[in-house]
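Structure at a glance
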Amino acid sequence: MPKGKNLGDLEQLVILAVLRLGEGAYGMTVRREIESHSGRRVSLGAIYATLDRLESKGFVSSAVGETTSARRGRAKRYFRVQALGARALEDALADLDRMRRGVPGMDHPIGAEA
Amino acid sequence: MGAAFPGPFAESALRLFLPADRREEFEGDLIEETEAIVLPRCGRRTALLWFWWQIATSVPPMLVRHLDKEVRMYPQRWIVPATLLGLWGLWGLVDLGKTPSGGFDWGNSEVIAVEPGGPADLGGLRTGDRILTMGGIPVRDLTALRRQPRTEIGETTVLVVERTDAATGATTTENIGITYSALPARDRTVSIVAGLIGFVFLLSGLIVFLKTQSTPALLFAAVGFGFAAILLPSPYIGPYGLRIFTMTLFFLAFLTGFACLLHFLLVFPKRKRVMEKKLVPWLIYSPVAVFVAVGIINFVVVDLQVGTLRAPAAVLLGLILIGYVLLSLGALVHSFVTAGPGERAAEGLNLMLAGVVVGLLPMTVMMVAGMFVRTDLLPGGDWIFLPLILIPISFAAALLKTVGSPQVTATG
């Protein structure tokens, strides 16, 4: 694997959250998505730092969005997963799948838990 | 809805600490979540708490990310502080010729050692004398003493000492004039050799970092900088404030160097699981933060009465340094034990372990011994730092070995 292609724990969650959110993925929604689905409390700054790192690796891209009154005129920044990022995520999850195969009590595909 | 979020205070805090390139969207997200989601659900007080908690926990990761990006984008910027430190060291080397020596050591008002044939010896000072005043200033007043300019070569300082005759038990007071001379050749050689080792630290860090901008390389460069800061001879700075300021700065660079050494060994050659714990990176650098705070208080707010604080502070510092050294060693040994023989060679672990053990052991032994006995009485004390030179060389070799190797991930 080329250098820097391994995804960290939080990086995987962030990519998954951006994928789940589709068109509506920006800092706050990514944070809430992770918190509500995984229960992990992550600060907004940690989300931004992770997104920034993913962007510099070419795994996600971003674009400035609209401003709203609820944001006191501050623009949003929307994120989107790039093909490279999707592949890195798949590789990471596939690694996990291979590793859990044959482990007693863990031997079921991801997503099949009761 | 009240206009409390973000509020002028929060806004200026954010402006001060958040990198400009993501500030607007960050603020917008924070305001939106606080007002639209947290406020209606939990009430005003909780929302306010939540808001500030987000800011407090958001600034560090964003700041670290920003600095990390900057450093990686412009690695050649590292040349500037490294060159400045190198020039400082050169100036210090030149200044060695002008450094005065009184030829005696003292601590806790008592004369500990007198160099035979040195200026103090010629003036009649003896080991065991209790110093009352130096140049008219009571030695108990360490702050006033520190403020004094150094006695230049050829100048005479008068010491008033109390001397108890061992045979009769009679106590006399003596006036002793000490005419300062240049540093003895031996002291100068020690300083020059220490300076050369400092340059090796500085240069190896710089070279490795310019070759690869990985996180371990950056940490290693910081280690090199910190150790160079303490090993290079410092020139004498006349103005008191500036002198204390540079001393504080160099001390903090040194302490940061130790913290970075531990951090380095926790992520190189492989990132250890313990780094995944949220608190660990904070814990590594917390002693630095404590001493930064002490330094600021000392420098800006009050001139601390070092006399009363010196002993506990020295013990605390000794414990912290020993902690860094032992944890660093532990991390390295862990890497060594968990790696296979092939990996040990490929990742340079053999080299590093040999370098660290041989490099640090004598100093560690000395530090531990220093808590119980006076280190100047131990043999070879002057040259205890000599093996340190193995550390930068072995680490740089190990880092350069793994450049481009797939196992070392770049991100931290």
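Residues numbered from 1 in each chain as written. Chains lettered and ligands numbered in written order. Predicted model: local features only at pLDDT ≥ 70, side-chain atom pairs only at ≥ 80, totals over all residues.

Some points on the packing of helix H2 (residues 27-38) of chain A against helix H3 (residues 44-56) of chain A
All names here are of chain A. Where H2 meets H3, the closest approach of the two axes is 9 Å, and the angle between their N-to-C directions is 110°. By the criterion of interaxial angle, the relationship of H2 to H3 is roughly perpendicular. Contacts from Gly27, Met28, Val30 and Arg31 of H2 reach H3 at Leu44, Ile47 and Tyr48. Partitioning the contact of H2 with H3 into residue classes produces 5 nonpolar, 1 polar and 1 charged. (Axes fitted to C-alpha atoms, helices over the stretch in contact; angles between N-to-C directions. Helix = DSSP H or I, 4+ residues; strand = E, 2+ residues; numbered from the N terminus. Parallel < 35°, antiparallel > 145°, perpendicular 65-115°, else oblique. Contact = placed C-beta atoms within 7 Å. Nonpolar A, V, L, I, M, F, W, Y, C, P; charged D, E, K, R; others polar.)

Considerations on the domain arrangement of chain B
Along its sequence, chain B is carved into domain 1 (7-64), domain 2 (75-96 + 185-401) and domain 3 (100-182). Inter-centroid distance (C-alpha atoms) of domain 1 of chain B to domain 3 of chain B is 59 Å. (Domains from an automatic or database assignment.)

Some remarks on the confidence of the model for chain B
All names here are of chain B. Scored by pLDDT, chain B has a mean of 84; 90% of the residues are at 70 or more. Below pLDDT 50 for its whole length, residues 406-412 participates in 21 contacts with residues either more than four positions away or in separate chains. What the predictor reports for the complex is a pTM of 0.70 with an ipTM of 0.86. (pLDDT = per-residue confidence, 0-100.)

Focus: the packing of helix H8 (residues 215-231) of chain B against helix H9 (residues 240-267) of chain B
Residue and element names in this part refer to chain B. In contact at an axis separation of 7 Å, H8 and H9 are set at 150° when each is read in the N-to-C sense. At the point where H8 passes H9, the crossing takes the left-handed sense. Residues Thr215, Pro216, Leu219, Phe220, Ala222, Val223, Phe225, Gly226, Phe227, Ala229 and Ile230 of H8 form the contact with H9, whose own contacting residues are Phe250, Ala253, Phe254, Thr256, Gly257, Phe258, Cys260, Leu261, His263, Phe264 and Val267. Grouping the amino acids of the contact of H8 with H9 by side-chain chemistry returns 17 nonpolar, 5 polar and no charged. (Left-handed = near helix turned anticlockwise from the far one by under 90°.)

Looking at the interface of chain B and chain A
Taken together, the contact between chain B and chain A spans 26 residues of the former and 24 residues of the latter. Going through the elements one at a time, helix H2 (23-42) and helix H3 (44-73) of chain B are the ones with two or more residues in the side of chain B that touches chain A. When residues of the side of chain B that touches chain A are assigned to their parent elements, the largest contribution, 12 residues, is made by H2(B). Here the side of chain B that touches chain A is built from residues that sort into 9 nonpolar, 6 polar and 11 charged.

What about the nonpolar core?
By size, the foremost hydrophobic cluster in this structure holds 49 residues, and its most contacted members are B:Phe220, B:Ala221 and B:Ala228. For this core, the elements supplying multiple residues, two or more each, are helix H4 (79-95), helix H7 (185-211), H8, H9, helix H11 (306-338), helix H13 (349-370) and helix H14 (390-401) of chain B. Ignoring anything within four residues of it in the chain, the contact list for B:Ala228 reads B:Leu85, B:Gly198, B:Phe199, B:Phe201 and B:Leu202. With 35 residues, the next largest nonpolar core counts A:Val14, A:Ile15, A:Tyr26 and B:Ile55 among its residues. (Core = buried A, V, L, I, M, F, W, Y, C linked by C-beta atoms within 7 Å. Buried ≥ 20, exposed ≤ 12 C-beta atoms within 10 Å, placed from the backbone.)

Regarding the pairing of strand E4 (residues 130-134) of chain B
All names here are of chain B. Strand direction decides the pairing type here: E4 and strand E6 (residues 156-164), joined by 4 bridges, are antiparallel. Directly across from isoleucine 131, in E6, lies its bridge partner valine 161. Where E4 and strand E5 (residues 137-138) come together, 2 bridges link them in antiparallel fashion. Directly across from threonine 133, in E5, lies its bridge partner proline 138. Hairpin geometry of E4 and E5 is characterised by an intervening segment of 2 residues between the two adjacent antiparallel strands and by a positive phi of about 60° at glycine 135. (Pairing = 2+ DSSP bridges.)

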